[in-house]
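The primary structure of each chain is shown beneath.
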Amino acid sequence: MFDVTAAGTWTHLHTVAAGENPSYLLIDEFRQALHCVHGDGSALSTFRIETSGELAPLGSRPTQGTNPVHLALSASRRWLLVANYASGNLVSLPVNDDGSLGNAAHVLALPNRPGPHRTQQRGAHPHQVLLDPSGHWLLVPDKGGDAVHTVAIDEHCGELRLVSTFSTAPMSGPRHMAFSADGSRAWLVLELSSQVLAVRFDATSGSLRAVQRTSSVPDWFTGENTGAGIALSPDESFLYVTNRGHGSAVRFDIDRERGTLSSPAWTNVQGEVPRFITILPECDSVVVANEDADSIVHVDAGNLKATQLATTGSPVCIAFTSHPKGTP
């Protein structure tokens, strides 16, 4: 845990034993709880966030699948949804008043449609579960099936239902996506093809329509690369995507009417595997986690220069507990 001041100083406060391979994090601000999946395993852990910032264990639960990689709360905040990458399924778990979790309520197996990549697409591999801004739908990028699934949840019992599937280009590998505030537009990182897909979203039906596909790496780059994180600036003027291999974060200008991307500008983020990117709440500051370089860096929204903020072992996710102001 770090304390982040308004002036942008990151100070290490303490480290908590969180079990094997803690990966994606989700903070439930309403209940002051932190949920953490254990990558390559089959469990997730929950902690109470104390006023001091320390974490108190609230227990762990099996995810009814293997390699959980992402999680989200339903619109009612009564259910926690988990994407199990290796086993190709989603699970819903009830959230108790204190933030702890009950046993799994429902498991949804996604369509088993292997893609053409021999090692990365042997079956369904959901990499994210994302609630759309209307709160009616869960969007699930499926790297293994070259697809994005639209899923509905019954808020009364936690039952999950597959509504529709949007197909992307073969061997594109959808990983993570981000929505505009009104929910009409979204952008999708295509991990295997190192591209970004701009789409339109129909909140009435939960369906997607492709608008534009563009590369996340420069045309001259011929090395190996996979797309990773995605973040939208608060004013929705810019989209940021990280590249593992090229070792960069790319910023695109966004056309406000069509949602198309242009004017890519790349920043060397001081690491070859920038797995995660986020925006510091209530400001335009971009923060990147370099898994290989054991560092967290700030990318200046103006000059796009990267500055190291902190060092920590193999960072793969960053979650903020409050709304600091300022620029790191």
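Look a little higher up for the structure.
Note that this is a predicted model, so its numbers are computed, not measured.

Enquirer: Residue-level account of the nonpolar core, with values.
Expert: One finds Trp10, Leu44, Leu71, Leu80, Val82 and Ile318 to be the most contacted residues of the largest nonpolar core, which totals 25 residues. When sequence neighbours within four positions are dropped, the list of residues in contact with Leu71 reads Tyr24, Leu26, His35, Val37, Leu80, Leu81, Val82 and Val129.

Enquirer: Can you lay out the sheet that holds strand β11 (residues 130-131) for me, pointing to particular residues and giving the numbers?
Expert: With antiparallel pairing, the four strands of this open sheet are ordered in space as β11-β12-β13-β14. The sheet terminates laterally at β11 and β14 (160-167), the two strands that pair on one side only. The sheet contact formed by strand β13 (residues 147-153) and β14 spans seven bridges and is antiparallel. Residue Val148 lies in a different strand from β14, and its bridge partner there is Phe166.

Enquirer: Explain the packing of aromatic side chains residue by residue, including any values.
Expert: All chains considered together, the criterion is met by four aromatic pairs. On the basis of an interplanar angle of 75° and a centroid distance of 5.2 Å, the ring pair of Phe179 and Phe201 is categorised as edge-to-face. Of the two residues, Phe179 is situated in strand β15 (residues 174-179) and Phe201 in strand β17 (residues 195-202); the sequence distance between them amounts to 22 residues. One exposure class covers both Phe179 and Phe201, and it is buried. Taking 6.1 Å as the distance between ring centres and 80° as the angle between the ring planes, the aromatic pair formed by Trp220 and Phe221 counts as edge-to-face. Residue Trp220 is classed as exposed on the basis of its relative accessible area of 63%. Connected via pairs of aromatic rings, a cluster forms that spans Phe2, Trp10 and Phe320. In this arrangement the basic side chain of Arg251 is found over the ring face of Phe238, its NZ or CZ atom lying 4.3 Å from the centre.

Criteria and cut-off values
- Residues numbered from 1 in each chain as written.
- Predicted model: local features only at pLDDT ≥ 70, side-chain atom pairs only at ≥ 80, totals over all residues.
- Heavy atoms only, no water.
- Core = buried A, V, L, I, M, F, W, Y, C linked by side-chain atoms within 4.5 Å.
- Buried < 20%, exposed > 50% of the residue type's maximum accessible area, 1.4 Å probe, protein only.
- Contact = heavy atoms within 4.5 Å.
- Pairing = 2+ DSSP bridges.
- Helix = DSSP H or I, 4+ residues; strand = E, 2+ residues; numbered from the N terminus.
- Phe/Tyr/Trp six-rings, centres within 6.5 Å; stacked < 30°, edge-to-face > 60°.
- Lys NZ or Arg CZ within 6 Å of the ring centre and 35° of its normal.

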